[in-house]
Structures are given as structure tokens and as C-alpha cells.
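Structural overview
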Amino acid sequence: MAIDVDKLAYRYEELRSERANWESTWRECAELFNPGRYRDDTETNAHRIPLVNPKLVNSKGILAMRSMASGMQGGMASPVRPWFRLVAKGDPQFIPDGVNAWLDRVTQVMTAVLHQSNFYNATHTLYSDIGTFGTGLLVETANEDGIYFHLVRCGEYVLDINGNDEVDTFFRRLYMTPRQILDRWENAPDLPDFIKRSRERKVMTTERYDVIHAVFPRTDFKPAKRLTVESKPFASVYYLPGGSSGHGTGKACILEEGGFDMFPAFAPRWDVSGSDVYGRSPAMDVLPDCKMLQAMTTTLRKTQHKIADPPLVADQSLRATGVKLIPGGLSFFDSTRTGTTPVAPIHQPEAAALQTVMTAIQEVEQNIDDGLYVDLFRMMLEDQRSRITATEVNAKERERIVMLGPVVERLHKELFDPVIRRTFALMQEWGAMPTPPEGVDALDVDVSFESALAQAQRQVTTSNIEAGFAFIGQAAAAVPEILDIVDTDAMGRAYLDRINMPSSVIREESAVEEIREQRAQAAAQQQQMETMNQGVNQLVDATKAMENMSNTNISGQNALEALTGGLGNVL
């Protein structure tokens, strides 16, 4: 079924209308925390607006957001250490042999693919978007050259969610010149004539036009063996809006229609209230502090300026000649006049007042650091440099790390897990996957996260296992039967799973059973050998005893004859 571009454009305008309540807050947050990352999609010169806020007098918000973004990257998906691995879902005893080793190999290849792409550069900026606006949008595409991530700026996209409160629809605005449009869609059947004729001009115009990219689930999706646009569950449409957009394009027209097998975008949110589409951010929580900080810093600078260069009052007699206040300046004054000072400060703040303002500013700056978790991330980065383990980090800052638990879980669900699954599918599609062993086609693959924050969250439970094992070990010295209540194999595997031990170094249950069976057989053979050796030793001892008896003389008879003769008499 063909896409109705008019209905699509109407839906886009509706979603923009729903987004309107967030725009003023996003603009304020961008000015104080993340200049340049907000673009109002109603501005016709959005590509030319200043990238900095000229009214900003204190950069604490920007620096704190930068620290938070760096800390999130180091704690969630560091480019210098493993942060995820693929594992087989289900009962380990039903997982075919060799699958875990293959998944470890796939993890290595996927890590290399992400390193070769712009994933880490894009996600670093994405963290600051999430921290500033509460929501970010990252689009993943692939071609023969590899994988690429497109980061869309706040204000240039609208989102929609399904019945499970999951983002499954986005529209983004591409503000393009005629040259850019022709480079991509020169053969589009409905391309307007004024775009086509732009190549005929001596100088191609730099005027820009709205191009809207929409990705949404198809309501009329029907799987088909033949690869067509309609056979993809997610539609991808580029179109030029109608003349109502103010750019004179006339009737709306479709430039390109395609599709995706999986939703290609990731829209992680810091925190979501109810069924809201867009999320709240930590920057919104400290926005009043950052506003107050600008006013306080302005007062501080004025106070410092007045102390260094105070307003002056001069004697009336100096009006004609003026006063030279530059270093070494010479001014003339009538010395016959008494009781007056030629030049004196009219108002000069006291140093104590200056110190009071500076102390208040430091308190507000600390509030901003606390709201953006700067101290926590700084501690984690310093601990990683000194090679302190995640367990020790957890012991030192467990309560503060637990505060980030909901954020970590949401990012895993809305960003990292979908990224890994889509990258896995793209690697399969483009033939970049290692050859799998038999039985993998029906295998359900899961993602285990190994980042510092993920480990800190998971390792909260390792202390319970350690305490339980220590208690059982001590109690077993007095009551050995207490060992019967603990499945030590399950305990060991649970502990190794929580510390993210690679699956390839953990033996399969079948291998463990085989080792134990061989050990039991070896023990049984050893016991049998010991029993046989004991019987032989007893026979040798008996033989030696008979020889000794036969050599012993008792009244003309040896001991053996005396014994058998006595027995004969008895019988």
C-alpha cells in the first residue's frame, strides 16, 4: 500500500504540537549546559545561529555536563575496556558444545566493528544530550564500508511511542540545499521543477529546504518472500513538505521510500514520568541553581571590579584639568585648599563581602556537581586509573552508585541492548559474522553488560554469596551435614556470572560431569589396586609364616608337623 504523504505530514505536525511544551525548557538547558546541541526546527537559519551563549558568565554547567558525559562513557561503554559480551540464553545443559566459545569470538569481532565506526564519538555526545535534554536520538545505518551512527540534535526530531511505552517512531528534519537534494534524489519522480532547474543556474543557490525523514512501523505489514519495500516491518520515507512550510515547494512529494527489518534508531531517556514520550534530565533538576549561579557570578565580577577599580569622586577644582588615573599619571591640585581629598573612592566593597559571595557560589557549584553526579564519575575515573576493582568501588560508593541504578537499567534497555542486537543483525546481513557451530540457528542470544557501572550494580549480590559461603564453611566444621543444603556448582556459576567471567573459560556441565566420572573411575581403580595389593601382602605374610613354622624344631618335629599331628589327633 502506497504511503499517503499528506497524512504523513499531518502526523508530523501533530507530533510537533505535542512536543511544544518541552521546547522552552530544552532551549534554556542548552544555553547553560550544552550550547550548540539544540536546533529549533522552525528557524530558517538554524545552521547559522551562534554556537555559544554570549550571556553566559559562568561555565560551571558546561564543564559539569562535560564531566558527566565523560564519566558516563567510562562507566557505561568505555572504548578502552570490554563492556558487553554475548551469552546463550537458557539452561546451560541444553546449550550445544562450542556455542559459548563462538559467542566470545562474535563479541570480539563486534567490538572491533564498533571501534571502526563512529560509535564511541557519537555516544559521548549522546550522553551529554541525555543529561541536558533527558532524551537523545541515535540512528544506526550500514553499507559495504561498515556501520555508521547519525546523532540527531534536540529540536530537529519528534518521537512517538507504542502501547508498551517504547519509542518506535521518529521524524527528523534535514535542512538541505538544492545541491544536496539532487545528489541524493535527482531521479525522484515527483521532484519539484525548481529543484531540478537549480543545476542550470550559473551559481547554484544556497537556499535551504525542509526534507523530512520519517521512520515508523507499518500498520499493513505483511511478510513476503520477495524483497520489496512493503515487506519491511518499518517504513522509511523522505519527503518534501508542502507549501505550508513556507519554502514554496508546492505540493508535498515523496523523495524516497524504503524500509528496515528492525527499528534503526535508539532514543534513550534519562527518566520518564508515566507515559511521557520525552524524558527528564538531571540538568533540569539543577537548572534553577545554574540560573542563580549566573546572577551570583555577575555580582561577584562587579564586586571584584569595584574593589580593583572603584568609582571615584574628585575635587571640583580638577574639572577643568581632569584627572589622570593611569599608572604614573600626573594631575595638578590646588594645595592651598584644605580639608578635601583631591581624588577618593566613593564606594569600595569590603573584602569580607567578596569572600561571602565566593563561598555562596562554591555552594551552588557543588549543588550542580551533585545533581550531575560529577563527584561520583570523577571518583570512578580516578579509581580506574589506580586500578581499583569494581568491587572496591562498590564498597566505597555503593549508595551513590545504586542511585544511578534506574538510569543504568534504562540505558541498557533503550540504548545498549538494542544497539548490540541491531549490530548483530547487520553483521549477519553483510556477512561479517564468524562461522557458527551447528545448532546456533535456533539459539536465543542474550547480552551481558560488563561496564564498571553494570558490574557495580550486579556485584552488590556477590557479597551475599561470599557471606553465605563463609558461613557454610565455618558451620561445616561443626556440622558437616550442612553442606548438603548448598548446591556448590550453582553457587560457583552464579558468582562467576556476576563478576562477568568469560563463558569460554568456564567448563560446560557435560564436561564437568565427564571429569568427575573419570575422577570417580580413577578413584575406584585406585581402591581396587590397593585392595589387591593388600590381599597379596596378606598372602605373602601367610607364606612366610608357614615357612617359619616348617623351620621351627619342636621335640624332633617342626612346628608345622606338630600342629598337623595335633590336629589329626583331635580329628
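Since the structure is predicted, the reported quantities are computational estimates derived from the model, not experimental observations.

**Some thoughts on the environment of E23**
For E23, the location among the structural elements is in helix α1 (residues 5–33). Each C-alpha atom of the pair E23 and Y38 lies 9.3 Å from the other, and the pair is 15 residues apart in sequence. Those residues in contact with E23 that lie beyond four places of it in its chain are R16 and Y38.

**Examining the sheet that holds strand β4 (residues 157–161)**
Strand order in the open sheet formed by 5 strands is β4-β5-β6-β7-β8, with antiparallel pairing between adjacent strands. With one partner strand each, in any of the chains shown, β4 and β8 (253–260) form the two edges of the open sheet. Between one strand axis and the next, the sheet turns by 15 degrees as a mean value, whatever way the strands run. Direction of pairing for strand β7 (residues 234–240) relative to β8: antiparallel, over a ladder of 7 bridges. Bridge pairing in β8 links A235 to G259. In this fold α1 packs onto β4, β5 (167–176), β6 (209–217), β7 and β8, with an angle of close to 95 degrees to the strand it touches most, β4.

**Re the confidence of the model for the protein**
On average, the protein scores 81 in pLDDT, and the residues at 70 or more come to 78%. Predicted confidence is poor over residues 244–248, with pLDDT under 50, and the contacts of this stretch with residues over four places away or in other chains come to 7 contacts. Segment residues 567–571: pLDDT under 50, and 0 contacts once partners within four positions in sequence are set aside and those in other chains are kept.

Here is what the cut-offs are and how they apply
- Residues numbered from 1 in each chain as written.
- Predicted model: local features only at pLDDT ≥ 70, side-chain atom pairs only at ≥ 80, totals over all residues.
- Heavy atoms only, no water.
- Helix = DSSP H or I, 4+ residues; strand = E, 2+ residues; numbered from the N terminus.
- Contact = heavy atoms within 4.5 Å.
- Pairing = 2+ DSSP bridges.
- Axes fitted to C-alpha atoms, helices over the stretch in contact; angles between N-to-C directions.
- pLDDT = per-residue confidence, 0-100.

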